[in-house]
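Observations on the three-dimensional arrangement
Residue-level listing of the chains:
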Amino acid sequence: MSEGTLPPGLYLVASPIGHLQDVTLRALEVLAGADLLACEDTRHTRRLLDRHDIAAPTMAYHAHNEHRQLPHLLDALRREQSVALITDAGMPGISDPGMLLVRAARAEKIPVIPIPGPSAVPTALAASGLPTAPFTFMGFLPPRSGARRRALEEMAALPHTLVLFEAPHRLTAALADMAAVLGARQAVICREMTKIHEEFRAGTLVELANRPAPERTRGEITVVIGPPVDDAPVAAAAEPLAEAWSRALNACRGKRKEALRHLAVERGVSRNAIYRELLEAGLTGTPDDD
């Protein structure tokens, strides 16, 4: 298909999440036939275009310029041009730029045509071996620990699988927060899916949080977390709760909420389970005293 031969409208083109050949024939036709390609990163998209011998006009459209570029794209769409939106990996608008443009196009009755294809969410779900339905997609967690834990706490009671994205440099801290808030749920860390260094690490959140991460963790990361496990009582053979609580308080310099999280990770249960045990044991220094 030659350039400019598509019917007018906004085309949302799913791009490979890793391997450049993981792209549909229809997507290639749209990329070749559109009047304009709006790319999250023009250099990244150019590698895909060059791989498939596609020459097409491109412009940058990403999180830092989407408000500025939005009027230009809408103007092209109003002039009945075909505009293809493509992000670096997966479906535009899913934790990527696109929602504002789609919303604006629909408000003006401009056709929006999805071109389905690769997506990290179903790919990770299918490969995880964890229950796939129902599930909740959380996108990227907040970068700061406090906000991240609050987001996890809001999802903790949901009785099904969670899927989220995480940046490599935050993975270790994020896993510690997941283990502290969600306890010993089964989880799979999916890294560099469909690429040469594809990796899947499985275990409980506690095990994954305590397992040393590779020295240089790189690449896109999707984390799949299984449904909640029943809150199990602390094992009788474990260290007495009073002694464990005292030790955790000392390790956390008297910070009670932090000690509660520490103890939950250590014993592989949720914070709620530990908190209930502290109350039942009549121990002081619980988080309500902070």
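Please refer to the structure higher up on the page.
As a starting point, this report considers the structure included with it. Just so it is clear, the structure is predicted and the values come from calculations on it, not from any experiment.

A word on the overall build of the protein chain. Looking only at helices and strands, the protein chain has 11 helices and 10 strands in total. Burial analysis of the protein chain (290 residues in total) assigns 47% to the buried set. Restricting the contact set of the protein chain to residue pairs at least 6 apart, pairs at least 24 apart contribute 70%. On the protein chain, roughly 14,600 Å² of surface is accessible, and the fraction owed to carbon and sulfur atoms is 53%.

So, on to the sheet that holds strand 9 (residues 199-204). Spatially, 6-7-10-8-9 is the arrangement adopted by the five strands of the open sheet, whose pairing is mixed. Edge positions in the sheet fall to strand 6 (135-140) and strand 9, since each of these pairs with one other strand and no more. Put simply, the sheet's adjacent strands are angled 15° from each other on average, direction ignored. Judged from the five bridges that link them, strand 6 and strand 7 (residues 161-166) form a sheet pairing that is parallel. Looking at the pairing, Phe 137 lines up with Val 163 of strand 7. Set on the sheet, helix 6 (residues 145-155) makes contact with strand 6 and strand 7; between it and strand 6 the angle comes to about 170°. Its contacts with the sheet put helix 7 (residues 171-182) on strand 7, strand 8 (186-191), strand 9 and strand 10 (221-225), and the angle it makes with strand 10 is roughly 10°.

Moving on, we come to the packing of aromatic side chains. On inspection of all chains with the given rule, the structure shows two aromatic pairs. Seen in terms of ring centroids, Phe 137 and Phe 165 are 5.1 Å apart; in terms of plane orientation they differ by 70°. Their pairing is edge-to-face. Here Phe 137, found in strand 6, pairs with Phe 165, found in strand 7; they are 28 residues apart in sequence, far enough to count as distant. Owing to a relative accessible area of 11%, Phe 165 belongs among the buried residues under this scheme. The rings of Phe 137, Phe 140 and Phe 165 are connected pair by pair, giving a single aromatic cluster.

This model, assessed by the stated rule, comprises 10 salt bridges. Between Arg 79 and Asp 75 there is a salt bridge, and its shortest N-O distance comes to 3.1 Å. Put simply, Glu 192 and Lys 195 hold a salt bridge, and the shortest N to O gap is 3.4 Å. Overall, Glu 192 belongs to the buried group, its relative accessible area being 12%. The partly exposed category is assigned to Lys 195, whose relative accessible area is 33%.

What follows covers the sheet that holds strand 2 (residues 36-39). Think of a sheet as strands paired side by side through backbone hydrogen bonds, with each pair either parallel or antiparallel. The strand order across the open sheet formed by five strands is 3-2-4-1-5, and the pairing between neighbours is parallel. Either end of the sheet is taken by a strand with one partner, and the two such strands are strand 3 (58-60) and strand 5 (112-115). Neighbour-to-neighbour, the strand axes of the sheet open up by a mean angle of 25°, direction not taken into account. Bridge count between strand 1 (residues 9-13) and strand 5: four bridges; the pairing is parallel. When the bridges of strand 5 are listed, Tyr 11 appears paired with Ile 113. Its contacts with the sheet put helix 1 (residues 25-33) on strand 1, strand 2, strand 4 (82-86) and strand 5, and the angle it makes with strand 5 is roughly 135°.

Below, the discussion takes up the pairing of strand 4. Among the five residues of strand 4, five are classified as buried, and the element is accordingly described as predominantly covered. Where strand 1 and strand 4 come together, five bridges link them in parallel fashion. By the bridge assignment, Tyr 11 is partnered in strand 4 with Ala 84. Pairing of strand 2 with strand 4 involves four bridges; the strand directions are parallel.

Rules behind the numbers
- Every chain's residues receive numbers from 1 upward, in the order its sequence appears when written.
- At least 70 in pLDDT is required for a residue's local features to be given in this predicted model, at least 80 for side-chain atom pairs to be given and counted, and no such filter applies to totals for whole chains, interfaces and linings, which use all residues.
- Values reported for side chains reflect all heavy atoms of the structure, with hydrogen atoms and water molecules removed beforehand.
- Helical segments are the DSSP runs of H or I of at least four residues, strand segments are the runs of E of at least two, and each set is numbered from the N terminus.
- Remark: exposure states derive from per-residue accessible area (1.4 Å probe, protein chains only) relative to the maximum for the residue type, with buried under 20%, exposed over 50%, and partly exposed in between.
- Throughout, a residue-residue contact means that at least one pair of heavy atoms, one from each residue, lies within 4.5 Å.
- For the area figures, the Shrake-Rupley method with a 1.4 Å probe applies, and any residue is considered shielded solely by the protein chains shown.
- Pairing between strands is defined by DSSP: at least two bridges between them are needed.
- For every element, the axis is a line fit to its C-alpha atoms; helices are fit only across the contacting stretch, and the angle between N-to-C directions ranges from 0 to 180 degrees.
- Under the pairing criterion, centres of Phe, Tyr and Trp rings, with the six-membered ring standing for Trp, must be within 6.5 Å; the plane angle then separates stacked pairs below 30 degrees from edge-to-face pairs above 60, leaving the rest tilted.
- The salt bridge definition used is simple: a Lys or Arg side-chain nitrogen within 4 Å of an Asp or Glu carboxyl oxygen.

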